Amino acid sequence: MPYKVGVFVGSLSSKSINRKLARALERLAPESMQLIEIPISELPLYNHDFDVDYPPAGRSLKEAVERMDALLFVTPEYNRSIPGSLKNAIDWGSRPWGTNSFAHKPSAVIGASTGKIGTAVAQQHLRSILSYVNSPELAQPEAYIQFTKGLISDNGEVTDSSVSQFLSNWLSEFEVFIGKVRSVNRPD
């Protein structure tokens, strides 16, 4: 059975370069990994008042995360951090207190930017949040993709063979990491 990997795309834009990156990863994933996007655009802003009666969008997100073997976060960098929509999704999935859907789920972080340092600062911030919600993270190799025009087509084809090979290797490392984490964590 392939690992089911829930994918969070931090950008809500349909034209997002990180959405293109997520499509590329889906195409490049080994047969032993099935990448499934977990939508976040319909979530209202989280607040504690919802804890007594979680809305359907919040329950749906939590259930989707719980069905996954691992999580992949594909995020842009907004003002040296992650987009508010992604933080909001993590808040929904980790609440109410005592029902953290992210706990013990192996995770990986990647992102694309037009800048040379990719999404390095946002990724570090996201890693801090994932540590707090007890989601073990792939530490190495890190993946900061400098997105240039035409690097990834709309359907997810990577046009640069060195980037394609890097992403394939990165996914293979993530697959190994998933297996390691699942072998030592408590059963689902």
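Structural notes, computed from the coordinates. Only a predicted model underlies this, so the values are computations on that prediction, with no experimental measurement involved.

Locating Ser101 in the fold gives a position in the loop between helix 3 (84-94) and strand 4 (107-113). Looking at Ser101, its side chain comes within polar contact range of the side chain of Lys62, at 3.1 Å. Residues contacting Ser101, with those up to four places away along its chain left out, are Lys62, Val65, Glu66, Gly93 and Ser94.

Our focus in this paragraph is helix 4 (residues 120-132). The end-to-end C-alpha separation of helix 4 is 19 Å, in line with the 18 Å expected for 13 residues at 1.5 Å each. Summarising the contacts, the buried residues of helix 4 are in contact with strand 3 (70-74), helix 3, strand 4 and strand 5 (144-146).

On to the nonpolar core. Within the largest apolar cluster, 31 residues are counted, with the highest numbers of intra-cluster contacts made by Leu21, Leu25, Leu72, Ile110, Trp170 and Phe174. For this core, the secondary-structure elements that each account for two or more residues are strand 1 (3-9), helix 1 (17-28), strand 2 (33-37), strand 3, strand 4 and helix 5 (161-184). Top element by residues in this core is helix 5. It accounts for eight residues. Excluding residues that lie within four positions of it along the chain, Leu25 makes contacts with Leu35, Leu72, Val74, Ile110, Leu167, Trp170 and Leu171. Judged by nonpolar contacts, the second largest core, of 24 residues, contains Ala64, Ile82, Ala89 and Leu130.

Below, the discussion takes up the packing of aromatic side chains. Centre-to-centre distance and the angle between the planes together describe a pair of aromatic rings. Enumeration according to the criterion identifies seven aromatic pairs in this entry. For the pair Tyr46 and Trp92, a centre-to-centre distance of 5.2 Å together with 90° between the ring planes defines the contact as edge-to-face. Here Tyr46, found in the loop between strand 2 and helix 2 (56-67), pairs with Trp92, found in helix 3; they are 46 residues apart in sequence, far enough to count as distant. When sorted by exposure, Tyr46 lands in the same class as Trp92, which is buried. When the ring of Tyr54 is compared with that of Trp92, the centres are 4.9 Å apart and the planes differ by 80°; the resulting orientation is edge-to-face. Taken together, the residues Tyr54 in the loop between strand 2 and helix 2 and Trp92 in helix 3 connect sequence positions 38 residues apart. Take Tyr54 and Trp92: they sit in the same class, and that class is buried. Grouping aromatic residues by their ring pairs yields a cluster made of Tyr46, Phe50, Tyr54 and Trp92.

In the contact formed by helix 2 and helix 3, the axes pass within 9 Å of each other and the chain directions differ by 80°. Considering the angle they form, helix 2 stands roughly perpendicular to helix 3. Mapping the contact onto sequence places Gly58, Leu61 and Lys62 in helix 2 and Ala89, Trp92 and Gly93 in helix 3. Of the residues that constitute the contact of helix 2 with helix 3, the class distribution is three nonpolar, two polar and one charged.

Calculation notes
- Residues numbered from 1 in each chain as written.
- Predicted model: local features only at pLDDT ≥ 70, side-chain atom pairs only at ≥ 80, totals over all residues.
- Heavy atoms only, no water.
- Helix = DSSP H or I, 4+ residues; strand = E, 2+ residues; numbered from the N terminus.
- Polar contact = N/O pair within 3.5 Å; in protein donor to acceptor, adjacent residues only side chain to side chain.
- Contact = heavy atoms within 4.5 Å.
- Expected span 1.5 Å × (residues − 1).
- Core = buried A, V, L, I, M, F, W, Y, C linked by side-chain atoms within 4.5 Å.
- Buried < 20%, exposed > 50% of the residue type's maximum accessible area, 1.4 Å probe, protein only.
- Phe/Tyr/Trp six-rings, centres within 6.5 Å; stacked < 30°, edge-to-face > 60°.
- Axes fitted to C-alpha atoms, helices over the stretch in contact; angles between N-to-C directions.
- Parallel < 35°, antiparallel > 145°, perpendicular 65-115°, else oblique.
- Nonpolar A, V, L, I, M, F, W, Y, C, P; charged D, E, K, R; others polar.

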